[in-house]
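What follows is each chain in one-letter form.
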Amino acid sequence: MLTRENIENLLNRGGNVIGADGEKIGSIGQLYADDDTGEPTWVTVKTGLFGTHESFIPVEGARAEGDDLVVPYTKDHVKDAPRVDTDGHLEPEEEDRLYAHYEREAQTYSETRSDTDRDIDYAGDADLNAGTRAAGAVGHDTSGPTTDDAMTRSEERLRVGTERQAAGRVRLRKYVTTENVTKTVPVQREEVRLEREPITEANRGAAMSGPDISEEEHEVTLHEERPVVEKETVPVERVRLDKDVVTDDVTVNDEVRKERIETDGLEGKRDIDDTRR
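Parameters at a glance
- Residues numbered from 1 in each chain as written.
- Predicted model: local features only at pLDDT ≥ 70, side-chain atom pairs only at ≥ 80, totals over all residues.
- Heavy atoms only, no water.
- Helix = DSSP H or I, 4+ residues; strand = E, 2+ residues; numbered from the N terminus.
- Buried < 20%, exposed > 50% of the residue type's maximum accessible area, 1.4 Å probe, protein only.
- Contact = heavy atoms within 4.5 Å.
- Core = buried A, V, L, I, M, F, W, Y, C linked by side-chain atoms within 4.5 Å.
- Pairing = 2+ DSSP bridges.
- Arc of directions from axis to C-beta.
- Phe/Tyr/Trp six-rings, centres within 6.5 Å; stacked < 30°, edge-to-face > 60°.
- Salt bridge = Lys/Arg side-chain N within 4 Å of Asp/Glu carboxyl O.
- Patch = residues over 30% accessible without salt bridge, like charges linked within 9 Å, V, L, I, M, F, W, Y side chains within 5 Å.
- Areas by Shrake-Rupley, 256 points an atom, 1.4 Å probe, with all protein chains shown as cover.

Colleague: Is there a simple way to think about the overall build of the protein chain in this case?
Modeller: Along its length, the protein chain carries four helices and nine strands. In the protein chain, the succession of helices and strands from N to C terminus is α-β-β-β-β-β-β-α-α-β-α-β-β. Out of the 277 residues in the protein chain, the part that is buried amounts to 25%. In the protein chain, the share of contacts with a sequence separation of at least 24, taken over all contacts with a separation of at least 6, comes to 56%.

Dropping the structure here:
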């Protein structure tokens, strides 16, 4: 049979509650003991996201296995247990409903049930005598082991940077096109012009040097220019690819989460934010 000391050791080590099928149900939460005998009667297991829910399990039939507490119930059976506030006290009616769910006989105890023996804050700072807390003790951490007397508030922050990646490829390609070019070129040609020269004393001798009457032919060759087209390939320019760096402003929008801490019991509820940062 488990003793109070056994369960307190499991609480100090941050043990888990394991179901009858070997599946983890959750982490050990709090220990409830009888006022008269001081013997443990109930233990809570923290389930749900971040251990925000606690379900009651009878200590009877449970056993310690390493740092864990093994109970004779499945995870679904425990999660379906009646919801009871873990406010440090179990009313007789609440115990009766829990015993009925786990199909166990209600045990005979004092009419006034015990206040909770808190789960020692996993650091040995709790007063376990009759479930009474010592003055000035640290608060109970329901999400895991308590390391000191302060609660850490965290928040997410955006860290925006840049990464280099290929956006596209550009290449140079040369191809041949044909176009018509029209140019005007001056050309020269020879034409025949008839010249008459009268007989004078200067040319009389040349005129009379031949026979008196004869047949004669004179021939003149005429010349002209024509356009001649030749093509030559000449370099015109050089073309290359170069890169310029252009800076654009891009707005990044995302959601971040932050934790807020709320005090309850000091002049009502008060929200603690990051105004002092």
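Read on for the rest.
Colleague: Help me understand the nonpolar core in this model?
Modeller: Counting 26 residues, the largest nonpolar core has Trp-42, Ile-57, Leu-69 and Val-71 as its most contacted members. Of all elements in the fold, only helix H1 (4–12), strand S2 (24–33), strand S3 (40–47), strand S4 (53–58) and helix H3 (92–101) reach the threshold of two or more residues within this core. No other element matches S2, which puts four residues into this core. With residues near it in sequence (within four places) discarded, Leu-69 still touches Leu-2, Leu-10, Asn-16, Val-17, Ile-18, Ile-28, Val-43, Ala-62, Arg-63 and Ala-64.

Colleague: Just checking my understanding: could you explain the environment of Ala-33 for this structure?
Modeller: Within the secondary structure, Ala-33 is located in strand S2. Assessed through its relative accessible area of 3%, Ala-33 is described here as buried. Separated by 26 residues in the primary sequence, Ala-33 and Val-59 place their C-alpha atoms 9.8 Å from one another.

Colleague: I'm lost on the pairing of S4 in this one. Help?
Modeller: Side chains on a regular strand alternate between the two faces of the sheet. Within S4, five of the six residues are buried, which leaves it mostly tucked inside the rest of the structure. Pairing of S3 with S4, which is carried by six bridges, proceeds in the antiparallel orientation. Looking at the pairing, Thr-47 lines up with His-53 of S4.

Colleague: What is the right way to read the pairing of S3 from this model?
Modeller: A large share of S3 lies buried, amounting to eight of its eight residues. Relative to S3, S2 is paired through five bridges, and the arrangement is antiparallel. Bridged to Ile-28 within S3 is Val-45. Joining the antiparallel neighbours S2 and S3 is a turn of six residues, in which Gly-38 adopts a positive phi near 75°.

Colleague: When you look at H3 in this model, what are you seeing that I'm missing?
Modeller: Because an α-helix completes one turn every 3.6 residues, residues spaced three or four positions apart along the sequence face the same direction. Listing the buried residues of H3 in full gives Pro-92, Glu-94, Glu-95, Leu-98 and Tyr-99. Buried residues along H3 cover an arc of 155° about the axis, so they all sit on one side. Seen from the buried face of H3, the exposed residues on the opposite side, beyond 90 degrees, are Glu-93 and Ala-100. On the buried face of H3, the contacting elements are S3 and S4. One or two residues past the end of H3 sits Glu-103, with phi positive at roughly 55°.

Colleague: Which parts of the structure should I look at to understand the packing of aromatic side chains?
Modeller: Working definition: an aromatic ring pair is given by the centre-to-centre distance plus the angle between the planes. Evaluated as defined, the whole model comprises four aromatic pairs. Where Tyr-32 meets Phe-56, the ring centres are 5.0 Å apart and the plane angle is 65°; that geometry is what we call edge-to-face. Remark: Phe-56 occurs in strand S4 and Tyr-32 occurs in strand S2; sequence separation between them is 24 residues. Like Tyr-32, the residue Phe-56 is buried in the burial classification. Here Trp-42 and Tyr-99 contribute two aromatic rings whose centre-to-centre distance is 4.8 Å and whose plane-to-plane angle is 50°, an arrangement assigned as tilted. Highlighted residues: Trp-42 in strand S3 and Tyr-99 in helix H3, separated in sequence by 57 residues. Neither residue differs from the other here; Trp-42 and Tyr-99 are each classed as buried. Through successive ring pairs, a cluster of aromatic residues spans Tyr-32, Trp-42, Phe-56 and Tyr-99.

Colleague: Sorry, what's going on with the pattern of salt bridges here?
Modeller: A pair can form between side chains of opposite charge whenever their charged atoms are brought close. Taken as a whole, this structure holds eleven salt bridges when the rule is applied. Linking Lys-258 and Glu-155 is a salt bridge whose minimum nitrogen-to-oxygen distance equals 3.8 Å. In this pair, Lys-258 sits in the loop between helix H4 (204–207) and strand S8 (261–263) while Glu-155 sits in the loop between strand S7 (116–117) and H4, placing the two residues 103 residues apart along the sequence. When the shortest N-O distance is used, the salt bridge between Glu-191 and Arg-189 registers 3.0 Å. The residues Glu-191 and Arg-189 share a single accessibility class, namely exposed. Among the ionic contacts, a cluster of salt bridges with common partners joins Arg-153, Glu-155, Arg-157 and Lys-258.

Colleague: I keep staring at a nonpolar patch on the surface and nothing clicks. Help me out?
Modeller: A cluster of nonpolar side chains, contributed by Leu-158, Val-160, Val-250, Val-252 and Val-256, occupies part of the molecular surface with about 460 Å² of accessible area. Mapped onto the secondary structure, Leu-158 falls in the loop between S7 and H4. For Leu-158, a relative accessible area of 43% translates into the label partly exposed.

Treat this as a map of the structure, not an account of what it does.
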